[in-house]
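Results of the structural survey
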Amino acid sequence: MSAPITELLQRAADQRSDLIAQLHAQDTNAYRLFHGSAEGRPGLSVDRYGDLLLLQTFHHPLEADEHQAILEFYQTALPGLTAVYNDRSGANSRVGNRLDPEAQAVAEQPRLARELGISYQIQARHAGQDPWLFLDLRAGRRRVMELAEGKSVLNLFAYTCGVGIAAARAGAAFVMNVDFAESSLAIGRANAKLNDLPHRPRFVQSDVFAAVRQLSGIGQPERVRGKRMPPFPTLEPRQFDLVFLDPPRYAKSPFGVVDLVNDYAALFKPALLTTASGGTLICCNNVAQVDRDTWLAQLTRSAAKAGRPVHDVEWIVPEADFPSYDGQAPLKMALLHV
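Below is a short write-up of the structure.

Criteria and cut-off values
- Residues numbered from 1 in each chain as written.
- Predicted model: local features only at pLDDT ≥ 70, side-chain atom pairs only at ≥ 80, totals over all residues.
- Heavy atoms only, no water.
- Core = buried A, V, L, I, M, F, W, Y, C linked by side-chain atoms within 4.5 Å.
- Buried < 20%, exposed > 50% of the residue type's maximum accessible area, 1.4 Å probe, protein only.
- Helix = DSSP H or I, 4+ residues; strand = E, 2+ residues; numbered from the N terminus.
- Contact = heavy atoms within 4.5 Å.
- Pairing = 2+ DSSP bridges.
- Axes fitted to C-alpha atoms, helices over the stretch in contact; angles between N-to-C directions.
- Expected span 1.5 Å × (residues − 1).

**Considering the nonpolar core**
If you look at the biggest cluster of nonpolar residues, it comprises 43 residues, and the most contacted ones within it are Tyr-49 and Val-144. Looking at which element gives the most residues to this core, the answer is helix 6 (residues 162–169), with 5 residues. Non-local contacts of Tyr-49, meaning those with residues more than four positions away in its chain, are made with Asn-29, Ala-30, Leu-54, Leu-112, Ala-113, Ile-122, Pro-131, Leu-133 and Leu-135. Within the second largest apolar cluster, 37 residues are counted, among which are Phe-157, Val-212, Leu-235 and Leu-336.

**What about the sheet that holds strand 8 (residues 174–179)?**
With respect to topology, 7 strands assemble into an open sheet ordered 9-8-7-12-15-17-16, the strand pairing being mixed. This sheet does not close on itself; its edge strands, each paired only once, are strand 9 (202–205) and strand 16 (312–316). With strand direction ignored, the average angle separating the axes of adjacent strands in the sheet is 15 degrees. Bridging between strand 7 (residues 152–156) and strand 8 involves 5 bridges; their strand directions are parallel. Across the sheet, Ser-152 pairs through a bridge with Phe-174, a residue of strand 8.

**Looking at helix 3 (residues 64–77)**
The terminal C-alpha atoms of helix 3 lie 20 Å apart, and with 14 residues this matches the ideal 20 Å at 1.5 Å per residue to within 8%. Among the residues making up helix 3, those that are buried are Glu-66, Ala-69, Ile-70, Leu-71, Phe-73 and Tyr-74. The secondary structure elements touched by the buried residues of helix 3 are helix 1 (5–25), strand 1 (30–35), strand 2 (44–49), strand 3 (52–57) and strand 4 (82–87).

Right under this line is the structure:
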């Protein structure tokens, strides 16, 4: 019989006490409080984003008594937070539970969260489905900040541009964020305005395939096999000191197919060619069933075939608020020196 939810939440809180104290000292108030897949309640996550307590379920909805027990636990453990529950156990992981008008207004209220001294906009509910800041990527943003000073940085599949904002805050000489969704880039622009950045990043709305092929020098023709491509911005070839590649699991467009399981190389090669010699390429793969060593072997083979061998590899591991039951985190981040 599984342990009561309050017992699981308390155990998670105890295990995070040192980490959370450290994060607060680093001007961070955004972190995962409960990671159910590794802490006894698969499909449940509880995150803090500033004054927001975000509950999400992905396998099945919370029972009313369990929901109430979670709220009561955090009312005592972290008083003053506003709780919002998003049930995403339905099709396509979309939020399925309706809220009354007053609760919906609270869920749509703009808020701010802090991470490593940087402010980020947050809403519990918005037109999309995912939170505007992925907390398991904090280790990646932290590493980018350690590397970015004086460097040129390319952030591909930028979403709300957290990596790009972090790089700019850390003193990057130039930052380009590329994403297809203007709504996501708009949050990135707002985040840039929230923070004291030495240089304003560039925000490029484009299919990443079209952008990275141009930047890499491969080129993106306006017609492919006689078919006119959708409009895309023109970009001059350019290499970057640091490239961050964080694609979704699967996406299809007229320009190409993103498939992290079967064809990561389709994106990897042009991203590699945008990386300056002696530079750094950070690749992410968030598919749990992909074995990280097999994936890395694919990347190194692809780099060798492209004439840009990998000289050194560093694994960036999600921080301790994202424990893994087997030591293999679903999110894999490989820092490649090329």
